[in-house]
Every structure is written in C-alpha cells, then in structure tokens.
Amino acid sequence: MSTSQRFGSDDVEHAEAVLVEHYPRLVRLAYLTLPDSLGRHTRVLLAHKAVQRALPRSGTTAGPGPAEEGTDGPGRHLALVRSRVLRATLTPAGPAGTTWARIGRPPVPPFVWGLRLWPPAGGIDEAAQTLSGAPAPVRAAFVLLRLDDLAEDEALRLLGRAGTADPAGAVRDALALPVGEELLRALRRPEFDASVVSARPTDLLRRRRRARACWAGLATLALTLTVLSVHGSRPGPDVRPAAGSAAASGALDPARLQRVSAETWSDTARVDFTAWAARGGRTGDRELLARALRTWAVPGTTPVTTTPGTTAEPPAQPPQLLYAGALDGRAMVLMRDGDRIVRYGETTTGSGGGRTLDVTRTDDAGVTTAAALTLSRATDGASARYLLAPWIATAAARDLLRAGDTGHPLDVAADGVTGPVAVPPAGGSCASWPVLELTSSTRIVEKHSFVLADLGALSPVHLTYTPLPDGPAAAPARQPREVTGPEARAAWARQACRLGELRGGAYRAVNVWDFAAAQLPDGAGRAVWSCTRASGWAGPGDVTVRLSLETGTPQDVVRARSTAACGRFGQHLLAGFRWRSPAGRWYLLAAGSRQVAGIAATGAVRAGAPARTLAAPWTGPDGPVSLTGTLAGGGTVTALDGAGGGRD
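Residues numbered from 1 in each chain as written. Predicted model: local features only at pLDDT ≥ 70, side-chain atom pairs only at ≥ 80, totals over all residues. Heavy atoms only, no water.

> Explain the sheet that holds strand β12 (residues 421-422) to me, using residue names and the numbers behind them.
Spatially, the 3 strands line up as an open sheet ordered β8-β9-β12, and their pairing is antiparallel. Lying at the two open borders of the sheet, with one neighbouring strand each, are β8 (372-377) and β12. Pairing geometry for β8 and strand β9 (residues 383-388), over 5 bridges, is antiparallel. In the strand pairing of β9, S376 is matched with R385. (Pairing = 2+ DSSP bridges. Helix = DSSP H or I, 4+ residues; strand = E, 2+ residues; numbered from the N terminus.)

Now the structure itself:
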C-alpha cells in the first residue's frame, strides 16, 4: 500500500541543492524530451522553465514514489525533481501543448526579450537531431538510460510517475535507437553542458521602429474607437493583420510584406529565394494576403503540413512575398521567412474555404535548390504546377528512367508558372520517373542545366552525380556533376525508382557517387559500387550503398541515417557485404573510395588486399566480419554499418 508524504522546508532546501547541482543534466533531459516541432529558441526556454518549476513548494505532496523506494538523501530528491521535469515536458497539456509554447513566449520565468537563443553546434543539438522523429517518452527514456546511466527499473518508475502510458515500450524502443558510442561519449564530456546557449539579438532597428509603430497604432486605435462610438461604422473588406505577438510588431500586416524588384536576381551575388520578385495576378489583393497571414498566425482547423525539423510558428518580422495568384480553382500565396517557405492555399469560391498551409525549410538554398517551388497538385496526384525562379531561361520534362530521353519543353507563363507536369508515381509500379531539366539564364551563368525531382514536398530536390575516380569521365575529388551527361543519366536510370523511398523527408539534394568498380568472381562480370546520399536541409543526410551488376536491379549493401558519409565532410568510405555468385558460392565483397589503399577483414572471414576492392571466399557459417581500410595519406577508415561505423 503506497503512502504520500509532504515536503517540509528542509526537504525543499535539499531538493533545491540537488536541482542546482544537476541543473545541466536536468535541462538536457527536458530539452531532448520536448516536441521536435518547437523551434530551438522556444525549446531552450521551455526546458529551463520546466527544470526551474520542478522545485516543490513546502507542504506539497511528494507523491508515492519516494516513499515506496524507502530511500532518503540526494537520490530521493533527485528522483522527485526528475519526475517533475518529465511530467512537465511529457504531459500534452503542459508546456509543449500551450498557446504560449507555440508562439515561443512562456508565461512564467525565464523571460527573454530581444534575444534569440539556441544550443551551440554539437552536443545537445546533435543529440536532438539524432532523436528527431522518436516519440517524447522514447526520447526521455533514451536520456535516462544512455546519458544519465539509470537502471531500466529506475527509468520505468520515473516514466510511470510522469504519466507515460507505456513505460516499458518507451524503454524498449529507446534501447533500440541506433546511436553511436562516439556521440554518447561526446555528450558526457564536460564541454557539452546542456545549459550553455548561444545568443544573438533580434533586429535592433526594426524593434525600435516597431515600438514607435505600436504607440502610433494605439493612438490611432483610440481615435478610431472614439469616432466609431459617435458615428458608427460601415463594414468593409477585412484586411487587418493577424492578431498576436507577431502582429503587434507588424510582422503579419499585409501592407508590410517585403517585395523585391523584378531585376534583383540579375544584379546580386546571392542568387536564391531572396532574389525572387513577387509574382502572380493577386499580389495586390490585400484581403487574400491578410487571410494567408492570419491563417499562418492562428491556423485553427486549417490543416498544417511541415517537413521534418520545421516549425510553423509565425514570423518575427514581415515575410517576403513570392507569389499570389489563382490556379485551377484555388488561390495560392507563397512567402519566405528566413530559412522557411510557406505556401497558403484556399478555394476561390466563397470567402476562402478549403484552406491549407504548408511549411518547409530552405537553409542555404542556391541557384539550383531555389530554382522551383511546387504551387499546386492535381487532385489525382498525377501532375503538378511549379513556380520557377526568375533566372530560369528554359524548362523541360524528361524521364529519368530512360537515359536517352531528350525530354520535351514545358509551357511557362510570363509569371513563371508552368503548365501541368507529370510527377513520379507515389506507389505501385515504376514505369517512368518524370523530372524537370532547367537551364539558367546566361545573365548569371553560361550553359548551366540541372535536374530537379518532385518527391511530394513543397521544394523539389536537386539531383547530381559523381563519376568513378578512375574512369573516363572522372572528376576531381568531391565534385558532383549535373545529371545531364551520358554517364550521369545512365547511373540515375539504374536507381531512379529508389527515389520514392525518400518521400516525406526534408531533403534538398540527392547525389549518386560511383566510388569503386571491380570484376566479380565466378564470371559474374563487372560491378559498380555507388553511394546515394540524400542531403537534408538541416545538414545531416541519409545514405545507401548499392552494388550494381551489368544486369539486374542494384543490390542494397548498407544504409546509414543522419551521417556525413558520402558528402563533403565524409569523403572516405568503406563498405562490404556477403554476396552469392551465380555459381552458388558465397563471398565477402568490399570496396573503398579514392584514398583507400588497402582492405583487411577479420572475424568470420580473414583476408586482405592491397587495393580498393576485395573479394574473399566466405566458407564458414554466418558470423560477424570487421573491415578496416588503410588510407593512402595515413590513417584508417572503418566500414559503414549504420551504427557508428564509417569513421576515419
């Protein structure tokens, strides 16, 4: 039978001492447990708030947990504080679910005005990216087990006290998360203090102007109310800015939307979304723009879609208008807020029914990744219309599955909107894979064509290709090419249908890197090793290593998520797997990238080769094999295995 205790003043003092001593660990627990959808600034403030409010008041009920354990001292008080932090960050009605959390202004201390806060690079923020997508109880269990080194039964008790519906399931899923030991060791080092944050001021001049505008607005409002109380008013078009803290500064006033001139793109060194002029037939429709901004600030019942790692919180300053017009029975508005693009849509009948809001991130977009946005999709999902960047001179559609397809030109209106274009299938058979081939204007670059693929997101992904390091079309190290040449087209034709696996991710570019080739045993012919890297807008990317034979479908060798492998900062690669030849014999195949000068295998297969490829008979039963590659410039690289391998 459980009993409840009440904390006296001495207990509260002990709890405070424990809270102060373990403050960084408690903040880490709160930050990693809070929802992924919150921005980093909001998440930091709510984490500190949850920890500071975890201190019990004198006379409050301590709960049955500590009494049941029969313990005393710091461990008892630490367990209490931990459970209160978890309850605050896991409960749906708590900080993560309140209106204050959504707009990033917690109603109780700590208060932060005029600053944006975020964790420094590495450490806790890297852990947050690694755990992105996992449910909150699983993230909490991961911190308790892997970072705070609690026993499983203790973690189960804490999660149960915090209100978790299935503590055992959360612990089980947390232990199954593919997190490398290197990251865990880094997170335990003293320099990765979870309570350390970076800070930058918001726009100082704009804050000053907002304060003046606020006082002027209050004076105007008072005068207007006085006049209306005497004379009344006639209803007119609703072009008011949205209500809320962002609107108080004018950020959501349609009259203050940022617009750039039509020629900005040809006279700037920053060719990205900031150079897009406002286009479309309804850029002057203040009623439409006001509805779009109000829906952004307070979506209500409007469905909101965000890509992973993106928040839908209102902007802190007036966004840039990219497009406003009518297409296929819907009014569409595109806006840019920093590293985010927002698309608002509504039916053109009535006063704006059938509304939708889509938000995606576009960090460090450039000539290719800021070249097109998806404006609308057909109801059957078979086609889409795109808004092309102002620097696009010509556009065509072609089939990525057919290397020899020359494509056909697309109809593009004067405002940059394409006609309906076929899109890749969302499922079923893969008979074709339509892509866009765009060519930039010679006013910014000469003869530059590139390929974009629609993966169902607001922003199409840029496709590139890196040829073999020792082939006839070899390029300097780490120099991807556009998918316009014969070899690049042939490489992508083999793997086009696998792009469907990337739907729903926040990807900016996908590169196929042919990093090695070799003759296979038993007369199986020549095989090409390739690494397909899907780079996310947030930085990390997902990779898949495949082996392509002269005929047949490429075979998956290994996959890894949230890794630098096969990218600019992960240029050394080694991979291997167990392969069965047409003769029925088993072999260990391995291959390394340009700088790998030798490969050694230990474990179930013991073999070596002073080259970038290895093919060794696998005569024994299944068992673990370790691969190590020797680099020409010194050092080694381990095999990519999806669980921390692949590091040099």
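> Requested: an account of the sheet that holds strand β21 (residues 574-580), with residues and values cited.
With respect to topology, 3 strands assemble into an open sheet ordered β21-β22-β25, the strand pairing being antiparallel. At either end of the open sheet lies a strand with only one pairing partner, and these are β21 and β25 (613-617). Ignoring which end each strand starts from, the neighbouring axes of this sheet average 15 degrees apart. (Axes fitted to C-alpha atoms, helices over the stretch in contact; angles between N-to-C directions.)

> Pulling in residues and values, what's your account of the side chain of T307?
Structurally, T307 is set in the loop between β3 (304-306) and β4 (320-327). Of the residues examined, T307 reaches a relative accessible area of 12% and is grouped as buried. A distance of 2.7 Å separates the side chain of T307 from the side chain of T310, its partner in a polar contact. A distance of 3.4 Å separates polar atoms of two side chains, one belonging to T307 and the other to T360. Aside from chain neighbours lying at most four places away, what touches T307 is V359, T360, R361 and A506. (Buried < 20%, exposed > 50% of the residue type's maximum accessible area, 1.4 Å probe, protein only. Polar contact = N/O pair within 3.5 Å; in protein donor to acceptor, adjacent residues only side chain to side chain. Contact = heavy atoms within 4.5 Å.)

> I'd like a rundown of helix α9 (residues 152-161), residues and numbers included.
Along α9, the residues classified as buried are A155, L158 and L159. End-on view of α9: buried residues confined to an arc of 95 degrees, all on one side of the axis. A positive phi of about 95 degrees marks G163, the residue just after α9. (Arc of directions from axis to C-beta.)

> Go over the nonpolar core with me, naming the residues and quoting the values.
Grouped together as the largest cluster of nonpolar side chains are 43 residues, with contacts concentrated most on V51, L86, F142, L144 and L159. When contributions to this core are tallied by element, the ones reaching two or more residues are α1 (9-21), α2 (23-33), α3 (40-52), α5 (74-90), α8 (136-147), α9, α10 (167-175) and α11 (181-188). Counting 37 residues, the second largest nonpolar core, distinct from the first, contains V271, L322, L387 and A506. (Core = buried A, V, L, I, M, F, W, Y, C linked by side-chain atoms within 4.5 Å.)

> Which residues make up the pairing of β8, and what are the values?
The element β8 is largely enclosed, with a buried count of 5 among its 6 residues. Taking the residues between adjacent antiparallel strands as the criterion, β8 and β9 are bridged by 5 residues, where G381 takes a positive phi near 75 degrees.

> Just give me the short version of the pattern of salt bridges, but keep the residues and values in it.
If you walk through the whole model with that rule in mind, you get 25 salt bridges. A salt bridge links D522 to R585, with the shortest nitrogen-to-oxygen separation between them at 3.0 Å. Here R585 lies in the loop between β21 and β22 (586-592) and D522 lies in the loop between β17 (507-520) and β18 (525-536), a separation of 63 residues in the sequence. D522 sits in the partly exposed class, given a relative accessible area of 31%. (Salt bridge = Lys/Arg side-chain N within 4 Å of Asp/Glu carboxyl O.)

> Please provide a residue-by-residue account of the pairing of β18, values included.
Burial runs high along β18: 11 of the 12 residues are buried. For β17 and β18, the ladder comprises 12 bridges, and the chain directions are antiparallel. Bridging from a neighbouring strand, A517 pairs with V528 of β18. Between β17 and the antiparallel strand that follows it, β18, lie 4 residues; D522 among them carries a positive phi value of about 60 degrees. When β18 meets strand β19 (residues 541-548), the two strands line up antiparallel, connected through 8 bridges. Note on β19: the bridge partner recorded for A534 is D542. Remark: 4 residues form the turn of the hairpin made by β18 and β19, two consecutive strands paired antiparallel; G539 in that turn has positive phi of roughly 125 degrees.

> Which residues make up the packing of aromatic side chains, and what are the values?
Scanning the entire structure with this criterion turns up 5 aromatic pairs. Judged by centre distance (6.4 Å) and plane angle (55 degrees), the rings of F515 and W529 are tilted. Separated by 14 residues along the polypeptide, F515 in strand β17 and W529 in strand β18 bring together distant segments of the chain. Given the relative accessible area of 0%, F515 is considered buried. Put simply, the rings of W513, F515, W529 and F577 pair up and form one aromatic cluster. (Phe/Tyr/Trp six-rings, centres within 6.5 Å; stacked < 30°, edge-to-face > 60°.)

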